[in-house]
Amino acid sequence: MDGGRDYWERYYSRSIARRGDLRNEDCYCSSSELECFLRATGFVPATLEARFHILVVGSGTSRLPQQLAADPALDVSAMDVSETAVSWMRRGHPE
């Protein structure tokens, strides 16, 4: 199944084989552009009176979760089907 777990495991494994490591990637725009979009459209409120929880599904190796987590009002969790991507992100962001 294209786009399934096996596809992404092969994708990240090939990236490691070619480069020796993974890198942060965002598919359609930069993580900064996506964060601006999320805030401009209200998916992430501009002002918060309490902690706001965000789940980034299919985060891969995107910088978006760490950028959003820099906002102390946001409680950010990220997940992906690729154990390779998750392991790589955990090394750089054990929190």
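What you are looking at is a predicted structure, and each value in this text was computed from that prediction instead of being measured.

Undergrad: Account for a nonpolar patch on the surface, with residues named and values stated.
TA: Taken together, Leu 55, Val 57 and Met 79 make up a surface patch of nonpolar side chains, about 300 Å² in accessible area. According to the relative accessible area criterion, Met 79 is partly exposed, its value standing at 42%.

Undergrad: Give me the lowdown on the environment of Tyr 28, citing residues and values where you can.
TA: The topology assignment puts Tyr 28 in the loop between helix 1 (5–19) and helix 2 (31–40). When its relative accessible area of 83% is taken as the criterion, Tyr 28 is described as exposed. Spatially, the C-alpha atom of Tyr 28 lies 23 Å from that of Ser 87, the residues being 59 residues apart in sequence.

Undergrad: Tell me about the packing of helix 1 against helix 4 (residues 83–92), and name the residues and values.
TA: At their nearest, the axes of helix 1 and helix 4 sit 8 Å apart, and the two run at 55° to each other. Here helix 1 lies oblique to helix 4, going by the angle between them. From helix 1, Glu 9, Tyr 12, Ser 13 and Ile 16 reach across to helix 4, where they touch Glu 83, Thr 84 and Ala 85. Grouping the constituent residues of the contact of helix 1 with helix 4 by class yields three nonpolar, two polar and two charged.

Undergrad: Please set out the packing of aromatic side chains residue by residue, giving values where relevant.
TA: This structure, assessed with the given rule, holds five aromatic pairs. Ring centres of Tyr 7 and Trp 8 lie 4.9 Å apart, and the angle between their planes is 90°; on these two criteria the pair is classed as edge-to-face. On the basis of relative accessible area, Tyr 7 is assigned to the partly exposed category, the value being 26%. Looking at Trp 8, the relative accessible area reads 24%, which means it is partly exposed.

Undergrad: Kindly report on the nonpolar core, identifying the contributing residues and their values.
TA: If you look at the biggest cluster of nonpolar residues, it comprises eight residues: Leu 38, Val 44, Ile 54, Val 56, Leu 64, Leu 68, Leu 74 and Val 76. Taken together, the elements giving at least two residues each to this core come down to strand 1 (52–57), helix 3 (64–69) and strand 2 (74–79). Not counting residues up to four positions away in its chain, the partners in contact with Val 56 are Pro 65, Val 76, Ser 77, Ala 78 and Met 79. Among the nonpolar cores identified, the runner-up in size contains five residues, and Tyr 12, Leu 22, Ala 85 and Trp 88 belong to it.

Conventions adopted
- Each chain carries its own residue numbering, running from 1 in the direction its sequence is written.
- Thresholds applied to this predicted model are a pLDDT of at least 70 for local features of residues and 80 or more for the giving and counting of side-chain atom pairs; totals over whole chains, interfaces and linings are not thresholded and use all residues.
- The side-chain numbers reported here are obtained from all heavy atoms of the structure, hydrogens and water having been left aside.
- A patch is a set of surface residues, each over 30% in relative accessible area and not in a salt bridge, joined within 9 Å for like charges and within 5 Å for the nonpolar side chains Val, Leu, Ile, Met, Phe, Trp and Tyr.
- Surface accessibility follows the Shrake-Rupley procedure with a 1.4 Å probe radius. Residue values consider only the protein chains on display as shielding.
- The working definition used for a salt bridge is a side-chain nitrogen of Lys or Arg within 4 Å of a carboxyl oxygen of Asp or Glu.
- Each residue's exposure class comes from its accessible area (1.4 Å probe, protein chains only) as a fraction of the maximum for that residue type: buried when under 20%, exposed when over 50%, partly exposed otherwise.
- Helix and strand assignments come from DSSP, with helices taken as H or I runs of at least 4 residues and strands as E runs of at least 2, each series counted from the N terminus.
- Between N-to-C directions, angles span 0 to 180 degrees; the directions come from axes that are lines fitted to C-alpha atoms, helices contributing only their stretch in contact.
- Under this scheme an angle from 65 to 115 degrees is roughly perpendicular, one under 35 degrees roughly parallel, and one over 145 degrees roughly antiparallel; angles in between are oblique.
- The contact definition used throughout considers only heavy atoms, calling two residues in contact when any of these lie within 4.5 Å.
- When residue character is reported, Ala, Val, Leu, Ile, Met, Phe, Trp, Tyr, Cys and Pro are called nonpolar, Asp, Glu, Lys and Arg charged, and the others, Gly included, polar.
- Only centres within 6.5 Å qualify two rings of Phe, Tyr or Trp (six-membered ring in Trp) as a pair; their planes then separate them into stacked at under 30 degrees, edge-to-face at over 60, and tilted for everything else.
- To form a nonpolar core, buried Ala, Val, Leu, Ile, Met, Phe, Trp, Tyr and Cys residues must be joined to one another through side-chain atoms within 4.5 Å.

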